[in-house]
Amino acid sequence: MTRANVDPTQPALRAEGLGKTYGAVTVLSDVTLDILPGEVHAIIGENGAGKSTLMKLLSGHVAPSVGRLLMGGSAAEFPDAAAAEAAGVVLVHQEILLAPDLTVAENLFLGRELTRGPMVDDRAMNRRTAEVLASIGAHCHPRDRVGSLPLAQRQLVQIARALLEPRTVVIFDEPTAVLANDEVAALLDVVRGLRARGAAVLYISHRLDEVEALADRVTVLRDGRMIGTWPAAGLTQRAMADLMVGRELGTLYPPKRTLPAVEPQLVIDALSVDHGAVQASLALRPGEVLGIGGMIGSGRTELFEGLMGLRPSQAARITLGGHEVTHRSVRDWQAAGLVYLTEDRKGKGLLLDEPLATNLTLQALDSVHPGTRLDHAGEDRALDRAVETYDIRVRNRHLSAGQLSGGNQQKLLLAKVMLTDPAVVIIDEPTRGIDIGNKSQIYDFIDRLVRAGKAVIVISSELPELVGLSDRVLVMRGGRIVAELTGDAITEQNVVYAATSGEGHEAEPQGRAAQTYA
Amino acid sequence: QDKRTIAVSIPAATHGWTGGVVYHAEQAEKEIEAAFPNIDVIVKTSPSATAQVSALEDLSAGQTLDALVILPFTSEELTGPVEQVKSNGTYIAVVDRGLTDPTIQDLYVAGDNIAVGANTAKWMAEKLGGEGKIVVLRGIPTVIDDERIQGFTDVMKDTNIEILDIQYANWNQDEAFSLMQDYLAKYPHIDAVWANDDDMLLGVLEAVKQSGRTEIKYALGGNGMKDVIEMVKAGDPVTPISTPYPPSMIKSAIYMTAAQFSGQAPMRGNFKLDAPLITPENADQFYFPDSPF
Amino acid sequence: MTTVTTEIADAPRRIRWADMGPFIALALVVLIGTLINTNFATGTNIANVVTRSAFIAIIAVGATFVISSGCLDLSVGSMMAFVTGVMILTMNRLEPTMGANAILVGAGFGLIVGALCGLLNGLIVTVGKIEPFIATLGTMGIFRALITWMSDGGSIPIERALRDPYRPVYFGNVLGIPLPVVVTLAVVLVGAFILYRTKYGRRCMAAGSNADVARFSGVSVARVRTTAFVIQGLCVAIAAICYIPRLGAATPTTGQLWELQVITAVVIGGTLLRGGKGRIWGTVAGALILEVIANLMVLSNMVSEYLVAAVQGVIIILAMLAHRFIK
Amino acid sequence: MTTVTTEIADAPRRIRWADMGPFIALALVVLIGTLINTNFATGTNIANVVTRSAFIAIIAVGATFVISSGCLDLSVGSMMAFVTGVMILTMNRLEPTMGANAILVGAGFGLIVGALCGLLNGLIVTVGKIEPFIATLGTMGIFRALITWMSDGGSIPIERALRDPYRPVYFGNVLGIPLPVVVTLAVVLVGAFILYRTKYGRRCMAAGSNADVARFSGVSVARVRTTAFVIQGLCVAIAAICYIPRLGAATPTTGQLWELQVITAVVIGGTLLRGGKGRIWGTVAGALILEVIANLMVLSNMVSEYLVAAVQGVIIILAMLAHRFIK
Ligand SMILES: Nc1ncnc2c1ncn2[C@@H]1O[C@H](COP(=O)(O)OP(=O)(O)OP(=O)(O)O)[C@@H](O)[C@H]1O
Ligand SMILES: Nc1ncnc2c1ncn2[C@@H]1O[C@H](COP(=O)(O)OP(=O)(O)OP(=O)(O)O)[C@@H](O)[C@H]1O
Ligand SMILES: [Mg+2]
Ligand SMILES: [Mg+2]
């Protein structure tokens, strides 16, 4: 597609009176929206506001209950996602949707394989895949099996899949939630490139800095309704947040605490994890938030999954509360008061087909149900408490976990892990997909935990969060812990520098990342 | 004249011989119902002992049976259930395998599986002059198979004939073919083969033919399958005999039972079918070109 | 805002039509049976059919656990034959010294053997990490060979002296309800309690629904699955205890192809073959459907004996289709 | 940048040890065979074993498609018997007018019947939306009943006049390679080409790996799966064509329990039973492993005839374990 035959005043895609109801529940009503070619149009709103639902309606993944779509002035109907793609509208999902057993290239070209005669042309597809991957800054190989890739790489593969062909409308639903800084920066460049080529881009993100840096116009959704559309130029991040939430927001991060000088609660000595971490050592004190920074693929998730016994690993010595830990399984750790919250809520966190209460109590079955029988009343009470504490927006307690919005799933996952009443919590990407209004609630919650003498490890790819929350930061690179930052040394620049500099790494990503958050 | 019901319970047609049983039972049903309008014959097949017990319950639950003709899967398992049926005054005719309590049987048409094995063994031992090496294929692990093998090995014990090997081929032509190929690979010299059943014999012959081995003097089966009797009639040098174990014994039993009700001929007692050798001379008596078996 | 969201709508649980499928299919089959054959709806016939379905139903309750937890057990039919054989041999051995008490001791021993057989399957699958289909196909061969070997290819009958005292276990009744039906009910109630009302049941479903999520939630998937196989083994042993007085012997063909019937009953009952959803009562309906169809085949004279299997196949497919359309 | 990435794209494919599992297991079994029995490694024996494994191997190639696409087919054994029966009847009917050409026409007709049987399975599964396990269990009963009915429970032999011209198809050879082996090779090569080198193969794996993803990528999962069943039907018909000259008849026992052997071969070969990954060459290794084990059971004198099935079960489990450890 070239810019020449695009009329910038004629909407590439127009929604008229779009609405969606599930049973008796209306999750989206009366949305009328123009998406112009050559603009980046951001959609913001709280968790459960209906953003993902709207995107699914626009891209043929879900059929609207009322309303219609127009493309280039004439009515468009998408019976399924493939039809929408054929018309030039593509959605990059909030959740990963790829075939795990196929390679990266096979996934990218699924349904539109290149052929030479009767044969698929793997050479050409691999080459083209490598180009697209490089253009968005992904580091995986066209022949890698998707199931073996880390979450962030899978997200990049999804993005690459959407960008393989020229598109009229590209919709990104929280594309950066699982990405770290350098990937984010590369992706923002890609989005700008799309805009420059005249594509219409719809962009959902809870990282308002990205929205500010990128968007031409901003549409705000609240409780399934459209609040309005504004040009981005006049909107500050704070103004956007206020529009989303409908009230004034306080400060995001709690004030830093003073650390008591006590013996460490958790000591890890030389833990190595297969295909992950190398000889990692760390100590965690009660009352402390320890941040773990690093780029994607630096082995942060692997290190802690190894610690939990979820991956093959070897350690010289690990102690918890002064006692050596010899047998490491999630169950044993939990009994000793340590829990880990996964970054992959869909694959490893929640049973998507099961009801909320079942998910909530799965990890804490023994404490929620002290007797032999399941205590359904107690379970319902626990759900009520969790809904209140974590502000989970659900309209019906019989929904299955998969029917919650992404952010609300994340809150449910947090509630599930916290139900075990742990003394040490390891949270991998605590606010992934959570809206700005709720973020501070989760930060406060972590603050309260450590003030009560518990200890928290936060693994985060979101630099402001890492810096704003941590008392101490360890930075990983290539599976090793390469830096420890304390006090005033905890800055975004220092984290980025430690995560990227050194042998084997070119300095370029650092520059780009620093630039994004400057 | 009141209506009489004869129920016939037999194994399902899972291999050649039971297929023959089903065929003859259905023939008998047609013929008798045509000949005696007051007699209703119901033929039911069952794939297992458990299913056969169920079928007996089903048949006797809704109606009073005047007679039951049964070819039991196994003696032990069916004795109790048949006794149950008898307690309603039903006339019981048992075919092939006798019940463990013979007093239940009003009529018993017996096949003699031990004789099938023993007669074949005697003939083979005599022809081989009491010397030689042979291999044996057996069927599905059941009483019939067990009795035949027992009859055969008991006779062979008193000779100098060495049984090189006995393995299961499940009364299946294919498995018999494979097994015979393997026997041939394993033993450089085999004087004779006994396949315990004509279905398996066909597989054996094919394997021998393919191997081109000529030292095998005899390959014998049993049951009197149509194709094998044709070979006997033609004076085949390798398969000059068979032993009858005619599936038509079910038909005989049904006829005898029907005779009971047509009023003229009370039938009680045991009728033992012998297992005489089928030779080129008498083969015509055992040849039924229209039978599927 | 907060008040709105915390007050979760406590909408009454809807009756799920989808879950009624197996019962509707059962009703349909029974209705057809009543229409085409007058002997079908007689008390004795119904009692016979229900009593008989006890074996498959009891084993299928165990299979519901195994399948919900994300596995499959093809060895149940052979295991049934093996356990039956071991029990009869034990009872026969003990009879001279203990008399009728040999039945009790033998049954207890059978339960232990059943549990151990299940444990073997479970360990091969979980510790050996072998696809359940292959692992249990292997043990299916093993159990079948063992019973063939124990019976020398013939049969293992129970002592005459034990027949009469043992008889009521299949042919007796409590307040008019046949004993095997009582046993089945007990097994089903206990099974439903474990699957729906205990922590183990939760973990079982979680393991089948998404093994990774279960692992990350501290559920030992291996232990849960092994336990499911042990439950399966116990159910097989219970079925064997009820089975012996009916036929009085174990043979190498006992329980042949029951694994297919069991799995069919479970799946017709609405349990997902890929795990994560178990329907104990549906399983029982499934077992009854199979038995009623077999019964109708015997009662009606419409099809050639050669074609019985075909008609059964067609009816099963039609029942599943009907069930699908009701959804 | 572009030069760098194209270099990555063309990097040589790494040898994956995990994928070598079935071949290593085969080599192991053959090695053990050679060691424990001197008759094993003789030319005739090897030729026999390899030729015999042709049927299972050919059918298992089709099963690899069905399983990769996320389904299962339990009806292959019965379908094989049914197709064999239909082909023989056709050939016999045509023989008086066409002579030996009846074989060709009959074979062609068999291919059509096989494809239609596969289509039936496919449509029941995809249009009827019935769990493949149940759907094909139903058609398994149907096909088996049809062959029993066609043969009146006896056997359907091929005309004497056709035996000799047809015989070479099983017993003949090309340059010393038995014809069934040549046919197997052809089927495997075509199968591997379709599964690994065509769009259809890609989509088949995608449908098995994640049906939802395939669907929204514009892949018609129903069509892909139906096609897989048709391929399975064609493979069954090809196996039937090679099978007839071997014994010259179809009986109700033809192909009995082959479905289990076929699935075992596929899984031993490294294909995932849950779909998404297919290994055609591994499947062939799996079929050979099964046949070699059966052969060794007969050649060696170590086990009682009663226990053969047990030893086979143990060996299959051990082979899978070995294969696991190699990984
Ligand atoms: N299948 C469904 N059945 C019932 N309710 C549903 C279903 N799918 C989504 N919903 C509801 O629709 C609402 C909007 O969800 P949506 O995923 O669009 O939110 P979102 O704005 O994308 O939120 P987030 O920022 O958390 O991703 C939620 O309350 C969710 O529970
Ligand atoms: N997380 C788990 N994963 C797997 N099995 C479990 C788990 N927790 C308990 N079990 C097992 O489930 C069964 C019932 O669980 P329950 O929690 O009632 O037992 P428990 O007495 O609490 O066990 P424990 O004292 O070992 O925690 C027991 O056999 C127990 O060993
Ligand atoms: Mg969303
Ligand atoms: Mg991570």
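Residues numbered from 1 in each chain as written. Chains lettered and ligands numbered in written order. Predicted model: local features only at pLDDT ≥ 70, side-chain atom pairs only at ≥ 80, totals over all residues. Heavy atoms only, no water.

The name given to chain C in an unreviewed UniProt entry is ABC transporter permease, and the organism recorded there is Paracoccus aerius. UniProt, in its Subcellular location (unreviewed entry) section for chain C, records the words "Cell membrane". (UniProt positions renumbered as here; feature names shortened; annotations may be inferred.)

Naming follows an unreviewed UniProt entry, where chain A appears as Sugar ABC transporter ATP-binding protein of Paracoccus aerius.

Before going further, it helps to examine the site of ligand 2. If you check the shell around ligand 2, you find Arg-331 and Asp-366 of chain A together with Lys-199, Arg-203, Gly-218, Val-219, Ser-220, Arg-223 and Val-224 of chain C and nothing else. Bordering ligand 2 are residues originating from chains A and C. Burial of ligand 2 by the protein amounts to 55% of the accessible area it has alone, namely 570 Å². Within the residue set of the shell around ligand 2, elements represented by two or more residues are helix 11 (199-209) and helix 13 (221-247) of chain C. Considered class by class, the residues forming the shell around ligand 2 number two nonpolar, two polar and five charged. (Near = heavy atom within 4 Å. Areas by Shrake-Rupley, 256 points an atom, 1.4 Å probe, with all protein chains shown as cover. Helix = DSSP H or I, 4+ residues; strand = E, 2+ residues; numbered from the N terminus. Nonpolar A, V, L, I, M, F, W, Y, C, P; charged D, E, K, R; others polar.)

Where the parts come together, the accessible area they lose is often given as the size of the interface. Between chain A and chain C, the residue contacts involve 42 residues of the former and 28 residues of the latter. Summing both sides of the interface, chain A and chain C together bury roughly 3200 Å²; the carbon and sulfur share of this comes to 55%. Run the count over chain A and chain C and you get three salt bridges. Between Asp-366 of chain A and Arg-203 of chain C there is a salt bridge; the shortest N-O distance is 3.5 Å. (Contact = heavy atoms within 4.5 Å. Buried area = accessible area lost by both parts, 1.4 Å probe. Salt bridge = Lys/Arg side-chain N within 4 Å of Asp/Glu carboxyl O.)

Further remarks concern the coordination of the magnesium ion (ligand 3). Metal coordination angles in their ideal form are 109.5 degrees for the four-donor tetrahedron and 90 or 180 degrees for the six-donor octahedron. All names here are of chain A. Coordination sphere of the magnesium ion (ligand 3), protein contribution only: Ser-52 (OG) and Gln-94 (OE1), at 1.9 to 2.2 Å. Residue Ser-52 is located in helix 1 (residues 51-58), and its partner Gln-94 is located in the loop between strand 6 (89-92) and helix 3 (104-108); the two are separated by 42 residues in the primary sequence. Side by side, Ser-52 and Gln-94 carry an identical accessibility label, which is buried. (Donors = N, O, S within 2.8 Å, 3.2 Å for Na, K, Ca; no water. Buried < 20%, exposed > 50% of the residue type's maximum accessible area, 1.4 Å probe, protein only.)

Contacts between the two partners involve 37 residues from chain D and, on the opposite side, 37 residues from chain C. Both faces combined, the contact of chain D with chain C buries some 3300 Å², and carbon together with sulfur accounts for 83% of it. Scanning the region where chain D abuts chain C turns up zero salt bridges. Here chain D is connected to chain C by one residue pair in polar contact (both at pLDDT 80 or more). (Polar contact = N/O pair within 3.5 Å; in protein donor to acceptor, adjacent residues only side chain to side chain.)

Our next topic: the coordination of the magnesium ion (ligand 4). Residues and elements named next belong to chain A. Here the magnesium ion (ligand 4) is held by the protein donor atoms Thr-301 (OG1) and Glu-343 (OE), which lie 1.9 to 2.5 Å from it. Placement of the pair is Thr-301 in helix 9 (residues 300-307) and Glu-343 in the loop between strand 18 (338-341) and helix 11 (345-349), with a sequence separation of 42 residues. For Glu-343, a relative accessible area of 15% corresponds to the buried category.

Residue and element names in this part refer to chain A. Around ligand 1, the surrounding shell holds 21 residues, and the nearest of these are Lys-51, Ser-52, Thr-53, Ser-405 and Gly-407. A distance of 3.1 Å is found between an oxygen atom of ligand 1 and a side-chain nitrogen or oxygen belonging to Gln-94. With respect to ligand 1, the side chain of His-206 contributes an N or O atom lying 2.9 Å from an oxygen atom. About the coverage of ligand 1: the protein hides 89% of its 640 Å² of free accessible area. Breaking the shell around ligand 1 down by element, the ones donating at least two residues are helix 1 and helix 15 (406-418). Of the domains in this structure, domain 1 (3-245) and domain 2 (266-500) are the two that each give at least three residues to the shell around ligand 1. (Domains from an automatic or database assignment.)

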